[in-house]
Amino acid sequence: MRIIAPVKYICSVMGVFALLLMSGCDGQQPNASPDKKPPVVQQKPDDNKDKPDTTAGKNTQEKKEYNLTLYYPNDDGTKLIAVTKKTISNEKDKYRAAVEALMTGGDNKNIFPIIPRQAKLNSAVFNNGVVTLDFSADLKKHFVGGSTGEEMLIGSIVNTLTEFKEVKAVEFLLDGKKIESLAGHSDLTKPVERMENLLK
């Protein structure tokens, strides 16, 4: 006897199963609408995008007039006297301008700079209350004087720079290197604070 009905039944079931597999592999999520697109967000144009930054460095590059108080030894070399002088500089270079003004002397013909004229100031950098001055080696090479002269030279520079309220001390370098002293009398291994004793 030939059995036909079960074979037809099995074929029908397999056909339905194949259709289900094909519908599940078409890559679309259920209930998803293929025509629906994500919303487009309009970005607000940045009007300042192409404008140059004019604020960077403005405070340090703008030049203005400073009233400097420079200190020079008196006639007998026993104390320092204050001399006022004007200079024009920007904020960053005002310490260098003060030292260079001290090196050139005051307007009074009787005031002479104590810093050797051969000395050059390589740089003056302020950081955390300390101004680091880097002089050429000529500062030491051409220094003439004993302990009093050395104290007056150091004191004239330190007291001049500490007139700026933010400056608490001055560090001395010669061609980028630390030194112990100029002539073996004043300790320059660490920053030197204001020397009030020379002003009395």
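All of the points below concern the structure found in this document. (Residues numbered from 1 in each chain as written. Predicted model: local features only at pLDDT ≥ 70, side-chain atom pairs only at ≥ 80, totals over all residues. Heavy atoms only, no water.)

1. Section: the pattern of salt bridges
Applying the stated criterion to the full structure yields six salt bridges. Across the pair Arg-96 and Glu-100 runs a salt bridge, and its minimum N-O distance is 3.0 Å. Separated by four residues within a single helix, Arg-96 and Glu-100 lie in helix H3 (residues 94-104), roughly one turn from each other. Given a relative accessible area of 27%, Arg-96 falls into the partly exposed group. On the basis of relative accessible area, Glu-100 is assigned to the partly exposed category, the value being 34%. (Salt bridge = Lys/Arg side-chain N within 4 Å of Asp/Glu carboxyl O. Helix = DSSP H or I, 4+ residues; strand = E, 2+ residues; numbered from the N terminus. Buried < 20%, exposed > 50% of the residue type's maximum accessible area, 1.4 Å probe, protein only.)

2. Side note on the pairing of strand S2 (residues 80-90)
Pairing of strand S1 (residues 63-73) with S2 involves 11 bridges; the strand directions are antiparallel. From the neighbouring strand, Thr-69 faces S2, where its bridge partner is Thr-84. Between the antiparallel neighbours S1 and S2 lie six residues, among them Gly-77 with a positive phi of about 65°. (Pairing = 2+ DSSP bridges.)

3. Things to note about unusual backbone geometry
One non-glycine residue, Asn-128, lies in positive phi territory at about 55°. Tracing the chain through its elements places Asn-128 in the loop between strand S3 (121-127) and strand S4 (130-135). The class for Asn-128 is exposed, based on a relative accessible area of 73%. Positive phi is not limited to glycine here, since Asp-175 has a value of about 50°. By secondary structure assignment, the location of Asp-175 is in the loop between strand S5 (169-174) and strand S6 (177-178).

4. Overview of the pairing of S4
S4 sits mainly inside the fold: six of its six residues count as buried. By the alternation rule, side chains of S4 split into Val-130, Thr-132 and Asp-134 and Val-131, Leu-133 and Phe-135, which are all buried. Bridging between S3 and S4 involves six bridges; their strand directions are antiparallel. Note on S4: the bridge partner recorded for Ser-123 is Asp-134. Bridge count between S4 and S5: six bridges; the pairing is parallel. Within the sheet, the bridge partner assigned to Phe-135 lies in S5 and is Leu-174.

5. A closer look at the packing of aromatic side chains
In total, this model carries two aromatic pairs according to the counting rule given. On the numbers, 5.4 Å between centres and 20° between planes, the contact of Tyr-95 with Phe-126 is stacked. One end of the pair, Tyr-95, is in helix H3; the other, Phe-126, is in strand S3, with 31 residues separating them in the sequence. Judged by its relative accessible area of 33%, Phe-126 falls in the partly exposed class. One aromatic cluster is present, formed by Tyr-95, Phe-126 and Phe-164 through successive ring pairs. (Phe/Tyr/Trp six-rings, centres within 6.5 Å; stacked < 30°, edge-to-face > 60°.)

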